[in-house]
Amino acid sequence: MTKLHLPLEKESVLAVGLMSGTSVDGIDAALVKINGSGFETEVELIHFETVNYDNALKERIFKVCEPKTSSVDEVCRLNVVLGEKMAEAAIKVVTEAGLSLGDVDFVSSHGQTIYHLPDEAATLQIGELAVIAKKTGCVTVGDFRPSDMAVGGQGAPLVPFVDMVLFTSAKKGRVLVNIGGMGNLTVLPKGLEQGADILAFDTGPGNVLIDEVVRLGTNGAKAFDNGGELAEAGEIKEKWLAEMVNGDSYLTQPFPKSTGREYYNKGMAEKLWKEGQDKGYSFEDIIATVTAYTVRSISYTIVEQLDPHFNGELDEVLIGGGGVHNRFLMERLEKELGRPVMSMEEVGFSSDAKEAIAFAILGNEFLRQQPNNVPSATGASKLVSMGKLVLPI
Ligand SMILES: Nc1ncnc2c1ncn2[C@@H]1O[C@H](COP(=O)(O)OP(=O)(O)OP(=O)(O)O)[C@@H](O)[C@H]1O
Ligand SMILES: CC(=O)N[C@H]1[C@@H]2OC[C@@H](O2)[C@@H](O)[C@@H]1O[C@H](C)C(=O)O
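Residues numbered from 1 in each chain as written. Chains lettered and ligands numbered in written order. Predicted model: local features only at pLDDT ≥ 70, side-chain atom pairs only at ≥ 80, totals over all residues. Heavy atoms only, no water.

For the chain, an unreviewed UniProt entry supplies the name Anhydro-N-acetylmuramic acid kinase and the organism Evansella vedderi. Per its UniProt entry, the chain bears the Catalytic activity (unreviewed entry) comment "1,6-anhydro-N-acetyl-beta-muramate + ATP + H2O = N-acetyl-D-muramate 6-phosphate + ADP + H(+)". Here the chain is described in UniProt, under the heading Sequence similarities (unreviewed entry), as follows: "Belongs to the anhydro-N-acetylmuramic acid kinase family." (UniProt positions renumbered as here; feature names shortened; annotations may be inferred.)

As structure tokens, this is what we get:
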């Protein structure tokens with residue numbers, strides 16, 4: 001094992017980024033080559049793999065995320081079980097690429113969020129780093145959020161740092177939206193310079209409500225609306241949609257703001273499902289309307305909250321996260337936004353791998369002892385280098 005020199009001095013590194021997001025579908029693993037740091041960062045995706053959670057593991061995770069069904073012993077156990085799964089994902093992405101773990105400079109893991117209390121500076125991501133370091137034999141970094149919280153930040157969102165260094169354009173004002181479990185965005189006015197304050201926050205639900213309603217309507221046989229085909233077969237019930245939007249106090253909250261499964265969750269989906277059924281709507285109509293609500297949470301934020309603030313200079317919207325695969329959602333979003341809406345693929349990037357790549361880049365900054373939070377996005381009082389380090393075991 002070659003020794004790691006800290007701070008990292010070599011210009012180019014090979015890293016694995018691991019992301020396990022709020023939709024609790026599995027672990028995304030991106031093997032990347034990173035050159036440089038900060039605004040000079042260049043990244044090349046070498047290989048991408050997803051290791052899905054099986055249904056039993058998903059249930060265990062959902063259970064520990066909910067105070068009523070959680071227990072400390074189960075959190076403790078899952079920390080190790082998920083550490084093992086994350087190591088498995090890291091090993092898979094490296095070996096499937098035909099490389100060896102000895103070639104990898106570091107693994108950088110987000111962990112699985114179990115609970116997030118931004119106003120109490122408390123957050124918990126599990127998936128033991130020491131287990132990953134032992135199983136992969138690699139330098140392992142992770143657990144980024146607490147360092148931002150330690151200086152008064154909300155510990156989220158963290159990806160805007162990466163959006164800023166990779167996607168700032170000299171010619172166009174851009175909004176980057178990630179539609180994962182939750183929806184979140186980063187605003188990049190044209191010609192943004194390093195160190196500028198950037199705005200980034202959560203828009204509301206991403207796929208979470210769609211996924212939960214699909215599960216309810218299929219008795220768990222399906223976990224998401226593949227391609228948006230269920231929604232396509234239904235009809236949006238406009239009056240009900242307006243009720244959903246008016247009843248959502250998060251949407252009108254001023255930005256910056258963050259949310260999660262504590263608000264948009266199975267309970268909310270069950271309520272919507274019951275309402276839809278009581279109104280006599282079909283399964284497809286319910287999915288179409290819940291999808292339209294998800295779209296509206298994003299379009300409302302951009303059109304009503306951001307456009308006036310940025311004098312209409314936000315020219316294009318780039319979408320990442322699993323939501324890009326939902327055609328019904330993407331088409332309606334483009335209609336409501338009235339400007340080009342593109343997937344990350346259209347700018348030569350990967351929608352599915354984006355967040356895993358982002359955590360590799362955050363790990364790279366940390367190991368170079370460079371700041372990697374965005375205080376204007378998280379509310380932190382200062383720049384910090386977020387992360388924790390476990391040496392190979
Ligand atoms: N083919 C598809 N058609 C429709 N939706 C899809 C498809 N593939 C993935 N999705 C949606 O994307 C979701 C996963 O997205 P993603 O992996 O970006 O979320 P995440 O990283 O877990 O969440 P977050 O970014 O909020 O932490 C799935 O739960 C599903 O709703
Ligand atoms: C605490 C937590 O896991 N937050 C997630 C969640 O999922 C989306 C949104 O809410 C975002 O704030 C964040 O993740 C992304 C990766 C971020 O920090 O940028």
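Trainee: So what exactly am I meant to see when it comes to the overall build of the chain here?
Mentor: Each helix and strand in the chain was counted, giving 14 helices and twelve strands. Relative to the compact-globule value of 21 Å for 393 residues, the chain shows a C-alpha radius of gyration of 20 Å, a close match. Across its three principal directions, the C-alpha atoms of the chain cover 65 × 50 × 40 Å. Burial analysis of the chain (393 residues in total) assigns 58% to the buried set. Nonlocal contacts in the chain, meaning residues at least 24 apart in sequence, comprise 70% of its contacts between residues at least 6 apart. As displayed, the chain offers around 16200 Å² of accessible surface, 50% of which is attributable to carbon and sulfur atoms. Charged side chains in the chain number 36 positive and 55 negative. The centres of these two groups are separated by 3 Å. (Helix = DSSP H or I, 4+ residues; strand = E, 2+ residues; numbered from the N terminus. Rg over C-alpha atoms; globule rule 2.2 N^0.38 Å. Buried < 20%, exposed > 50% of the residue type's maximum accessible area, 1.4 Å probe, protein only. Contact = heavy atoms within 4.5 Å. Areas by Shrake-Rupley, 256 points an atom, 1.4 Å probe, with all protein chains shown as cover. Lys, Arg positive; Asp, Glu negative; His and termini not counted. Charge placed at Lys NZ, Arg CZ, Asp CG, Glu CD.)

Trainee: How should the site of ligand 2 be read in this particular structure?
Mentor: Every one of the 16 residues lining ligand 2 counts as a neighbour, but Thr113, Arg145, Leu158, Val159 and Asp202 are closest to it. Contacts to ligand 2 include leucine 158, whose backbone N or O atom sits 2.8 Å from an oxygen atom. Protein burial of ligand 2: of its 440 Å² of free accessible surface, 96% is covered by the chains. When contributions to the shell around ligand 2 are tallied by element, the ones reaching two or more residues are strand 4 (106-117), strand 8 (182-188) and helix 13 (354-367). No other element matches the three residues that strand 4 contributes to the shell around ligand 2. In terms of residue class, the shell around ligand 2 is made up of seven nonpolar, six polar and three charged. (Near = heavy atom within 4 Å. Polar contact = N/O pair within 3.5 Å; in protein donor to acceptor, adjacent residues only side chain to side chain. Nonpolar A, V, L, I, M, F, W, Y, C, P; charged D, E, K, R; others polar.)

Trainee: Which parts of the structure should I look at to understand the packing of aromatic side chains?
Mentor: What describes a pair of aromatic rings is the distance from one ring centre to the other and the angle between the planes of the rings. This model, assessed by the stated rule, comprises seven aromatic pairs. Judged by centre distance (5.7 Å) and plane angle (50°), the rings of phenylalanine 144 and phenylalanine 359 are tilted. In this pair, phenylalanine 144 sits in the loop between strand 6 (140-142) and helix 4 (145-150) while phenylalanine 359 sits in helix 13, placing the two residues 215 residues apart along the sequence. Each member of the pair, phenylalanine 144 as well as phenylalanine 359, carries the same accessibility label: buried. With a centroid separation of 5.1 Å and 10° between ring planes, the pair formed by phenylalanine 201 and phenylalanine 255 is classed as stacked. (Phe/Tyr/Trp six-rings, centres within 6.5 Å; stacked < 30°, edge-to-face > 60°.)

Trainee: Sorry, what's going on with the UniProt feature "binding site: ATP" (unreviewed entry) in the chain here?
Mentor: Cross-referencing UniProt, the feature "binding site: ATP" (unreviewed entry) maps to Gly21, Thr22, Ser23, Val24, Asp25, Gly26, Ile27 and Asp28 in the present numbering. Along the chain, valine 24 falls in the loop between strand 1 (12-20) and strand 2 (26-35). A relative accessible area of 1% means that valine 24 is categorised as buried. Contact partners of valine 24, with chain neighbours within four places excluded, come to Tyr53, Lys58, Ile61, Phe62, Gln112 and Arg261. Within the secondary structure, isoleucine 27 is located in strand 2. Look past the residues within four positions of isoleucine 27 in its chain and what remains in contact with it is Leu18, Met19, Ser20, Glu49, Thr50, Val51, Tyr53, Lys85, Met86 and Ala89.

Trainee: Looking at this structure, how should I read a nonpolar patch on the surface?
Mentor: A cluster of nonpolar side chains, Leu6, Leu389 and Leu391, forms an exposed patch at the surface whose accessible area comes to about 250 Å². Relative to the elements of secondary structure, leucine 391 occurs in the segment after strand 12 (388-390). (Patch = residues over 30% accessible without salt bridge, like charges linked within 9 Å, V, L, I, M, F, W, Y side chains within 5 Å. Salt bridge = Lys/Arg side-chain N within 4 Å of Asp/Glu carboxyl O.)

Trainee: How do you make sense of the side chain of aspartate 307 when you look at a structure like this?
Mentor: Relative to the helices and strands, aspartate 307 is located in helix 11 (residues 283-309). Among all residues touching aspartate 307, those that are not within four sequence positions of it are Ile302, Gly312, Leu314 and Arg339.

Trainee: Please explain the packing of helix 11 against helix 12 (residues 327-337) as it appears in this structure.
Mentor: Working note: a packed helix pair is described by the angle between its axes plus the distance between those axes. Packing of helix 11 against helix 12 leaves a shortest axis separation of 9 Å and a crossing angle of 35°. Considering the relative orientation of helix 11 and helix 12, their crossing is right-handed. From helix 11, Ala288, Thr291, Ala292, Thr294, Val295, Arg296, Ile298, Ser299, Ile302 and Val303 reach across to helix 12, where they touch Phe328, Leu329, Arg332, Leu333, Glu336 and Leu337. A breakdown of the residues in the contact of helix 11 with helix 12 according to their chemical character gives ten nonpolar, three polar and three charged. (Axes fitted to C-alpha atoms, helices over the stretch in contact; angles between N-to-C directions. Left-handed = near helix turned anticlockwise from the far one by under 90°.)

Trainee: For this particular structure, what's the right way to read the pairing of strand 4?
Mentor: It is a general feature of regular strands that their side chains alternate between the two faces of the sheet. Taking burial as the measure, the twelve residues of strand 4 include ten buried ones, the bulk of the element. Two strands pair when backbone bridges link them, and strand 1 and strand 4 are joined in this way by five bridges, in the parallel orientation. In the strand pairing of strand 4, serine 20 is matched with glutamine 112. Across three bridges, the pairing between strand 4 and strand 6 is parallel. (Pairing = 2+ DSSP bridges.)

Trainee: Just checking my understanding: could you explain the side chain of serine 147 for this structure?
Mentor: Structurally, serine 147 can be placed in helix 4. Apart from the residues lying within four places of it in its own chain, the contact partners of serine 147 are Val384, Ser385, Met386 and Gly387.

Trainee: Hey, could you run me through the pattern of salt bridges in this one?
Mentor: Where charged atoms from two side chains of opposite charge approach closely, those side chains can pair. Within this structure, the stated rule accounts for 22 salt bridges. Between aspartate 105 and lysine 10 there is a salt bridge, and its shortest N-O distance comes to 2.7 Å. In this pair, aspartate 105 is assigned in the loop between helix 2 (72-96) and strand 4 and lysine 10 in the segment before strand 1, connecting sequence segments 95 residues apart. The salt bridge involving glutamate 74 is made with arginine 77; its shortest N-O contact spans 2.8 Å. Highlighted residues: glutamate 74 and arginine 77, both in helix 2, separated by three residues, approximately one helical turn. The network of salt bridges with common partners includes Arg60, Asp73, Glu74 and Arg77.

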